[in-house]
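Structural characterization, general
Listed below, chain by chain, are the residues.
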Amino acid sequence: MSALLSIDGITVRFGGLVAVDNFSMDVEEGRIHALIGPNGAGKSTVFNCISRFTTPAAGDVRFAGESLLADPQYAIAKRGVARTFQNIELLQRLTVLENVLVGMSSRVPGYFPLLPGARRRRIEREAVDAADEVLALTGLTGYRDTLAGDLDFGHQKLLDVARALSAKPRLLLLDEPAAGLRNREIAQVDKLLGELTARGMTIVLVEHVMQLVMSVAQKITVLSFGRKIAEGAPAEVRANPEVIEAYLGKRAHA
Amino acid sequence: MFGSPTLRQLAPLLALVLGALALQQLLPQYFLYVGNLLMMYVILVIGLDLLIGWSGQFAFAHIAFFGIGIYATTILGTRYDLPFLIAMPVAAMLAGAVGFLIAFPATRLRAVYLALATFAFAECAQWVARTWDSVTKGADGLQIPPTSILGYAVGNDQHAFPVVAIILALVLAATLYLQRSRFARSMSAIRESEHVASASGIDVKRVKILSFTLSAIYAGVAGGVYTLFNSFVNPDILGVAQLVLVLTMLVVGGSGSIAGCVLGAVLIGILPEVLRAAPRSMLVWQEFFYGLILVLAIMFMPRGFFGAWQAWRDRARHAADKRDAQASQDTRLRAKASTEASS
């Protein structure tokens with residue numbers, strides 16, 4: 001099986017700091033692949049390279065065989081890659097439904113109101129139906145008309161995921177979806193990720209909540225100071241002494 | 001939310017036009033002038049709102065496009081003998097083209113830098129109007145001759161009144177259509193978060209450039225309307241005072257909503273006419289009052305009169321719901337108490 005996403009030797013420098021150093025990683029289709037590491041290890045920078053928020057100084061990022069690096073940021077969604085944000089970014093003064101509809105921008109036609117009314121109404125009805133489906137999947141149906149800024153933290157996290165999901169991506173990049181959530185909410189995210197893989201979605205997960213990572217990930221890559229220090233199945237990674245020293249040792253027993 | 005505007009939304013526009021036709025004969029000349037002025041301001045303010053309220057771009061070059069609209073409509077009419085029905089759209093397109101061009105550098109700027117750069121552009125436009133003697137006649141200004149539309153002579157406020165009303169109705173209808181487009185949703189998405197918009201597949205730069213262009217076209221149309229009921233223009237129209245006036249209308253009325261823009265344009269636009277009754281010595285205070293109103297509105301009603309009214313209505317509705325819930329609970333408790341007492 002060839003990799004859906006293939007990161008090939010990327011390096012990112014911020015001034016004198018090497019944030020990501022010659023990092024490579026292959027993500028197989030249909031898997032949940034976790035990217036973990038201590039704070040500042042460069043996980044989010046890797047995410048930003050995939051979603052074109054950052055351009056690596058060296059290396060390549062290929063999705064379904066083609067390089068993403070030539071694309072502008074907004075074209076990535078159309079290619080089938082959607083992301084969430086670590087510090088929840090939502091369209092605060094729009095409703096939950098509108099947030100999800102914006103998430104569909106890459107696949108809903110009709111930019112200007114120039115199409116005939118009947119056609120526009122049909123497109124919008126289909127879009128709203130699809131949005132309702134995503135809301136049902138993420139358990140947000142009851143908050144459909146609430147302003148995103150009025151949601152509690154847990155639901156805001158879910159809405160960020162729902163917005164990304166509505167693009168119907170082949171690859172979903174989740175940046176700490178469980179950070180700051182209560183156990184009951186983490187279980188909800190766990191269940192959601194299971195349902196998504198059952199539908200054939202590929203997920204890259206950056207997460208500090210080990211209970212979630214160990215439960216859902218089929219493969220784990222560990223970053224420390226911008227370099228890959230380990231990769232493998234959860235059990236292997238958990239047993240790796242270098243990983244325990246760099247990361248799990250200090251946090252897992254805390 | 002999508003689709004065409006409802007009849008309920010379009011009906012007021014029809015009423016506006018019919019009302020204007022009826023009132024044209026009834027109102028004194030002065031009232032018709034104020035009516036024309038207010039309708040022109042509504043177009044100008046809605047155009048500014050597309051950029052500030054819808055797209056969240058704090059750009060202050062609006063008055064420059066308004067000026068381009070006035071000067072271009074006048075010059076196309078006097079020098080090239082173009083009828084108003086061609087001169088005005090061409091002038092609006094010209095304003096739109098300039099808006100399109102300044103959008104490219106402007107989209108690279110954010111927040112206060114964008115505000116400063118666009119403000120500087122407006123100052124440049126005023127300087128051009130003052131200095132380009134061969135075209136604008138400099139500080140002396142231009143005479144605007146009476147025009148005619150398809151044989152209908154527009155020579156005074158009375159004649160202009162229904163024409164301005166029709167143009168306003170068309171602009172409002174176009175805005176209602178625009179409001180229901182995916183483009184409008186993209187505009188509010190970039191206002192709320194450019195990161196989210198971009199990650200969702202919205203070409204942020206394209207949306208900004210189109211917003212600038214559309215906004216400039218609206219200002220150009222307002223400029224064309226100005227020529228219908230004014231007989232003279234000079235570079236003062238491009239001054240800071242006008243910009244502050246339009247911004248005050250937007251902030252006081254409530255940005256982000258058509259109704260708010262209409263409310264702001266009417267409330268603030270009518271103010272100098274009311275103040276006209278005040279003693280002459282008070283007139284110098286006029287701009288001070290605008291500034292004061294602007295500051296007070298920002299402090300106490302950040303969403304304008306319209307936003308404040310919406311919030312009040314929501315609160316009232318919420319309170320009513322609560323009262324109803326309380327009342328039905330009381331009835332239940334009382335019923336329970338009475339059954340317990342009787343048993």
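Everything quoted here is computed from the prediction, not taken from an experiment.

Reading the values: rules and limits
- Residues numbered from 1 in each chain as written.
- Chains lettered and ligands numbered in written order.
- Predicted model: local features only at pLDDT ≥ 70, side-chain atom pairs only at ≥ 80, totals over all residues.
- Heavy atoms only, no water.
- Domains from an automatic or database assignment.
- Buried area = accessible area lost by both parts, 1.4 Å probe.
- Salt bridge = Lys/Arg side-chain N within 4 Å of Asp/Glu carboxyl O.
- Patch = residues over 30% accessible without salt bridge, like charges linked within 9 Å, V, L, I, M, F, W, Y side chains within 5 Å.
- Areas by Shrake-Rupley, 256 points an atom, 1.4 Å probe, with all protein chains shown as cover.
- Helix = DSSP H or I, 4+ residues; strand = E, 2+ residues; numbered from the N terminus.
- Buried < 20%, exposed > 50% of the residue type's maximum accessible area, 1.4 Å probe, protein only.
- Pairing = 2+ DSSP bridges.
- Contact = heavy atoms within 4.5 Å.
- Polar contact = N/O pair within 3.5 Å; in protein donor to acceptor, adjacent residues only side chain to side chain.
- Nonpolar A, V, L, I, M, F, W, Y, C, P; charged D, E, K, R; others polar.

It is worth spelling out the domain arrangement of chain B at this point. Residue and element names in this part refer to chain B. In terms of domains, chain B is made up of domain 1 (7–302) and domain 2 (303–343). Between the C-alpha centres of domain 1 and domain 2 there is a distance of 44 Å. When domain 1 packs against domain 2, the two sides together hide about 630 Å² of surface, and 75% of this comes from carbon and sulfur. The tally of links from domain 1 across to domain 2 stands at zero salt bridges.

All names here are of chain B. Side chains of Trp285, Phe288, Phe289, Leu292, Val295, Leu296, Met299 and Phe300 sit close together on the surface and give an oily, nonpolar patch of about 810 Å² of accessible area. Within the fold, Phe300 resides in helix 13 (residues 286–300). Take Phe300: its relative accessible area is 60%, and that puts it in the exposed class.

All right, on to the pairing of strand 7 (residues 171–175) of chain A then. All names here are of chain A. When you tally the buried positions in strand 7, you get five out of five residues, the bulk of the element. Here strand 7 shows a buried face lined by Leu171, Leu173 and Asp175 and a second buried face lined by Leu172 and Leu174. Here strand 6 (residues 81–83) pairs with strand 7 via three bridges, running parallel. Looking across to strand 7, one finds that Val81 is bridged to Leu171.

Here we take up the interface of chain A and chain B. At the interface, 29 residues of chain A touch 29 residues of chain B. Carbon and sulfur atoms supply 58% of the area buried between chain A and chain B, which totals about 2800 Å² over both sides. Remark: the boundary between chain A and chain B carries two salt bridges. A salt bridge links B:Glu192 to A:Arg93, with the shortest nitrogen-to-oxygen separation between them at 3.2 Å. On inspection of chain A and its partner chain B, the count reaches eleven residue pairs in polar contact (both at pLDDT 80 or more). Elements supplying a minimum of two residues to the side of chain A that touches chain B: helix 3 (96–103) and helix 4 (117–137) of chain A. Per-class residue counts for the side of chain A that touches chain B are 14 nonpolar, seven polar and eight charged.

Scanning the entire structure with this criterion turns up 15 salt bridges over all chains. Between A:Glu29 and A:Arg170 there is a salt bridge, with its nearest N and O atoms 3.4 Å apart. Note that A:Glu29 is positioned in the loop between strand 2 (17–28) and strand 3 (32–36) and A:Arg170 in the loop between helix 5 (153–165) and strand 7, a separation of 141 residues in sequence. The exposure class of A:Glu29 is partly exposed, given its relative accessible area of 35%. One salt bridge in this structure joins A:Glu124 and B:Arg185, with 3.0 Å as the shortest N-O distance. Note that A:Glu124 is positioned in helix 4 and B:Arg185 in helix 8 (residues 182–192), a pairing that runs across two chains. The class for A:Glu124 is buried, based on a relative accessible area of 7%. Connected through salt bridges with shared partners, the residues A:Asp8, A:Asp60 and A:Arg62 form a single ionic network.

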